[in-house]
Amino acid sequence: MSHAAHKAPKAAGAKRTNVASASSLFSPAVDVALAAKLNEVAPMSRRALRQAAKANARKNHIMAGSALAALFGTAAGALAFANPIQGGSVVAESAPSSEVATVEPNAITATTGVAASRSESRKSLGVATDETNDANATSQTSDQVVDGDEGQDSGTVLDASWSLGDESSSLDVSKMSKSLASNPVVAGLMEANAADLPEGFNPNHETNDKGSSYPFSQCTWWVYNRRHELGLPVGTHYGNGHQWADSARELGYWVDNTPRNVGDIMVFRQGQEGASSRYGHVAIVEAINPDGSITTSECGASYHGKPFSRTFTNVHDFQYIHY
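Note that the structure is predicted; figures quoted are calculated from it, not measured.

A.B. asks: I tried to follow unusual backbone geometry on my own but got confused; where do I start?
C.D. replies: With the exception of glycine, most residues fall at negative phi, and the peptide bonds are largely trans. Look at N208: it is not a glycine, yet its phi comes out positive at around 60°. If you trace the backbone, N208 turns up in the loop between α3 (184–192) and α4 (219–229). Take N208: its relative accessible area is 17%, and that puts it in the buried class. A positive phi angle, near 50°, is found at E273, a position not held by glycine. Looking at the element boundaries, E273 is found in the loop between β6 (265–268) and β7 (281–288).

This is the structure:
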């Protein structure tokens, strides 16, 4: 049985011709360029593929880190202007300039010892003048002015000043009432009697004033009308003269045994100093004299509406209705 002839074996020293060895077929100048071009289109080895994948991964990691840093810086800047005070501290105290800024939740730490500000330095606004009275107040600091939305340094000193206009400066404060009385005459008298006012006294108490109901020329008729002339409160149904002090006290009037103001109602007991033994009497204090005596204005049925006057030295023997 015949067999096919075996292929002749390759010579022991023979080598496979690759792309690089093909360059030996051309001139030196052409060999290098052609070899480089052929190597570009030739398939990459497994090692070259692994090295290219690692290089690409490192490149992606660097790019992602840079983008994250930029995003974080933008967010920190927005937080500093949007809501710098909410939660946490705003600025670090005496932080060295060489330290790197650190960011905590809702807090910003400065890299220098200067309080946070929109600029490196601020100027004092100065003292308000007549042309700038509407500015209300001027804030001055020992180092710099710190904005209200940027926190306040412990070294900040606030100083406010204001001035009155020409019209306001002429007001006489001593004539201004501090009383809550709705009646301006009562308010003025309360200022004069401030040291002696009963505790918890209400100047706006009920007066029971529904118009005069007292017979013409009677003492009660005169007192009711004279009190209205003086702008002081007085009531309608207080009873007979000797009953007036009790009736006024029940309504909230200030009543005691000391004459204090012009216009006080002087109440006589029944039969006292010529008063009616049945009805008593009332009069108006018209003057408190330097010697402590008082001068009155009074009226009675027999005087036909024409008042008369008397002076009393035993002033504390009577009751007085003030207001």
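Here the narrative resumes, following the displayed structure.
A.B. asks: Quick question: what am I supposed to make of the layout of surface pockets here?
C.D. replies: A probe matching the size of a water molecule, rolled over the atoms, marks out where space remains unfilled. Estimated volume of the second largest pocket: approximately 370 Å³. In this structure, the second largest pocket is lined by 23 residues; those nearest its centre are Q218, C219, S276, G280 and H281. Of the residues that constitute the lining of the second largest pocket, the class distribution is nine nonpolar, 11 polar and three charged.

A.B. asks: Is there a simple way to think about the side chain of H322 in this case?
C.D. replies: When you line up the elements, H322 lands in the segment after β10 (319–321). At 2.6 Å, the side chain of H322 forms a polar contact with the side chain of D256. In terms of polar contacts, H322 uses its side chain to reach the backbone carbonyl oxygen of T258, at 3.4 Å. Residues in contact with H322, not counting those within four places in the same chain, are R227, W254, V255, D256, T258, R260 and D264.

A.B. asks: Looking at this structure, how should I read the environment of L180?
C.D. replies: With respect to the helices and strands, the residue L180 is situated in the loop between β4 (156–159) and α3. Separated by 22 residues in sequence, L180 and N202 have C-alpha atoms that sit 8.9 Å apart.

A.B. asks: Would you take a moment to explain the pairing of β6 for this structure?
C.D. replies: On a regular strand, each side chain points to the face opposite its neighbour's, so the side chains alternate between the two faces of the sheet. Here β6 shows two buried faces, one formed by I265 and V267 and the other by M266 and F268. The sheet contact formed by β6 and β7 spans four bridges and is antiparallel. Bridging from a neighbouring strand, V267 pairs with V282 of β7.

A.B. asks: Please explain the environment of E206 as it appears in this structure.
C.D. replies: Here E206 is to be found in the loop between α3 and α4. The spacing of E206 and A248 is 42 residues in sequence and 9.5 Å in space, taken between C-alpha atoms. When neighbours within four sequence positions are excluded, E206 is seen to be in contact with L251 and Y253. Only 2.8 Å separates the side chain of E206 from the backbone nitrogen of N208, close enough to count as a polar contact.

A.B. asks: It is not clear to me how helix α5 (residues 244–251) should be interpreted in this structure. Could you clarify?
C.D. replies: Residues separated by three or four positions in an α-helix point in the same direction, a consequence of the helix having 3.6 residues per turn. Among the residues making up α5, those that are buried are W244, A245, S247 and A248. Across the axial projection of α5, the buried residues extend over an arc of 165°, all falling on one side. Where α5 is buried, its residues meet α4, β5 (255–256), β6, β7 and β10. Backbone geometry just after α5 places G252 at a positive phi near 110°.

A.B. asks: It is not clear to me how α3 should be interpreted in this structure. Could you clarify?
C.D. replies: Those residues of α3 lying buried are V186, A187, L189 and M190. The buried residues of α3 occupy one face: seen down the axis, they fall within an arc of 165°. With respect to the buried face of α3, the exposed residues turned more than 90 degrees away are P184 and A192. For α3, the N-terminal cap is N183; the gap from its side-chain oxygen to the backbone nitrogen of V185 is 2.9 Å.

What counts and how
- Residues numbered from 1 in each chain as written.
- Predicted model: local features only at pLDDT ≥ 70, side-chain atom pairs only at ≥ 80, totals over all residues.
- Heavy atoms only, no water.
- Helix = DSSP H or I, 4+ residues; strand = E, 2+ residues; numbered from the N terminus.
- Buried < 20%, exposed > 50% of the residue type's maximum accessible area, 1.4 Å probe, protein only.
- 1 Å grid on protein atoms, 1.4 Å probe; cavity = no way out; pocket = protein on both sides within 12 Å on 5 of 7 lines; lining within 4 Å.
- Points joined across faces, edges and corners; volume = space filled by probe spheres on them.
- Nonpolar A, V, L, I, M, F, W, Y, C, P; charged D, E, K, R; others polar.
- Polar contact = N/O pair within 3.5 Å; in protein donor to acceptor, adjacent residues only side chain to side chain.
- Contact = heavy atoms within 4.5 Å.
- Pairing = 2+ DSSP bridges.
- Arc of directions from axis to C-beta.

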